[in-house]
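# A look at the structure
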Amino acid sequence: MIKIYGRILKKYFTYDELKRKEISDAFIKNIICNELGMKKKDIVIKKNKYGKPFLQYYPEFQFNISHSEELIVCAINNSQVGIDVEKVKDVDGIKLTKRFFSNEEYEEIRQEKIGFFELWTLKESYIKAIGKGLFLPLDSFTIKKQDDKILLKSVFSHVVDFRQYNIYPDYKLAVCSIKEKYNNKVNKL
């Protein structure tokens, strides 16, 4: 079962003090200690060839971290998982979609059937879940919302489950799980 953790960073740090890598490392290590009962000194985090981190010797413990502005989030699961959070900003979503996303997604954005950051977080959660990150071109697969379902067209043959959360105003959050279902609870730390 996936668990999602989130924390607003600016409550604890000023922007000048933020060192995202150090904060992310401390955040996931605290979660690992709480979830697995490990000591921090025993935690060994490695990265796959695309840069996705994993916990050495614990293949059943999958995690992923994302941060945007002052918010950091983490998803943990017993199978592959990806998470993305983005602060909604004023960007030219149509131009970015045309340049980086599939033609079908471009049409969805152009016709205002889905918001740019909503689609961006879904796509990024997927490429993070499969462990390839931006090594997988964003126009090589398509994500489409149809009724209450989120559909994926991809050359990869795996079952995915997408979820979206509105945890804070002005942020979009999406989680993608490969083969697993999970609850809708977000743990705010």
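Here is what the cut-offs are and how they apply
- Residues numbered from 1 in each chain as written.
- Predicted model: local features only at pLDDT ≥ 70, side-chain atom pairs only at ≥ 80, totals over all residues.
- Heavy atoms only, no water.
- Helix = DSSP H or I, 4+ residues; strand = E, 2+ residues; numbered from the N terminus.
- Patch = residues over 30% accessible without salt bridge, like charges linked within 9 Å, V, L, I, M, F, W, Y side chains within 5 Å.
- Areas by Shrake-Rupley, 256 points an atom, 1.4 Å probe, with all protein chains shown as cover.
- Salt bridge = Lys/Arg side-chain N within 4 Å of Asp/Glu carboxyl O.
- Buried < 20%, exposed > 50% of the residue type's maximum accessible area, 1.4 Å probe, protein only.
- Core = buried A, V, L, I, M, F, W, Y, C linked by side-chain atoms within 4.5 Å.
- Contact = heavy atoms within 4.5 Å.
- Lys, Arg positive; Asp, Glu negative; His and termini not counted.
- Pairing = 2+ DSSP bridges.
- Axes fitted to C-alpha atoms, helices over the stretch in contact; angles between N-to-C directions.

The next subject is the environment of Asn-30. Of note, Asn-30 is situated in helix α1 (residues 20-36). Through-space distance from the C-alpha of Asn-30 to that of Lys-40 is 7.7 Å; in sequence the pair is ten residues apart.

Together, Val-91, Leu-96 and Phe-100 line one region of the surface with nonpolar side chains, adding up to about 210 Å² of accessible area. Tracing the chain through its elements places Leu-96 in helix α2 (residues 93-100). On the basis of relative accessible area, Leu-96 is assigned to the partly exposed category, the value being 30%.

Let us now look at the nonpolar core. Residues Leu-122, Tyr-126, Phe-141, Ile-143, Phe-162 and Cys-176 are the most contacted members of the largest nonpolar core, which totals 21 residues. When contributions to this core are tallied by element, the ones reaching two or more residues are α4 (116-129), β9 (160-165) and β10 (171-178). Examining the composition of this core, we find that seven residues originate from one element, α4, more than from any other. When residues no more than four places from it in sequence are discounted, the contact partners of Phe-141 are Ser-102, Glu-105, Lys-123, Tyr-126, Ile-127, Leu-136, Leu-152, Lys-153 and Ser-154.

Here Glu-86 shows up in strand β6 (residues 81-87). At 5.6 Å, Lys-89 is the nearest oppositely charged side chain to Glu-86, a buried residue that forms no salt bridge. Setting aside its immediate chain neighbours within four residues, Glu-86 contacts Ser-68, Phe-117, Trp-120, Thr-121, Glu-124, Asp-170, Tyr-171 and Lys-172.

Our next topic: the sheet that holds β10. In spatial order, the strands read β6-β10-β9; together these three strands make up an open sheet with antiparallel pairing. If you trace the sheet from one side to the other, it starts and ends with β6 and β9, each paired once. Each strand of the sheet is rotated relative to its neighbour by a mean of 15°, with strand direction disregarded. Along the sheet, α4 makes contact with β6, β9 and β10, crossing β6 at roughly 150°.

Phi is positive for Glu-69, close to 55°, though the residue is something other than glycine. With respect to the helices and strands, the residue Glu-69 is situated in the loop between β4 (62-68) and β5 (71-77). For Asp-147, which is not glycine, the phi torsion reads 55° and is therefore positive. Along the chain, Asp-147 falls in the loop between β7 (142-146) and β8 (149-153). Assessed through its relative accessible area of 74%, Asp-147 is described here as exposed.

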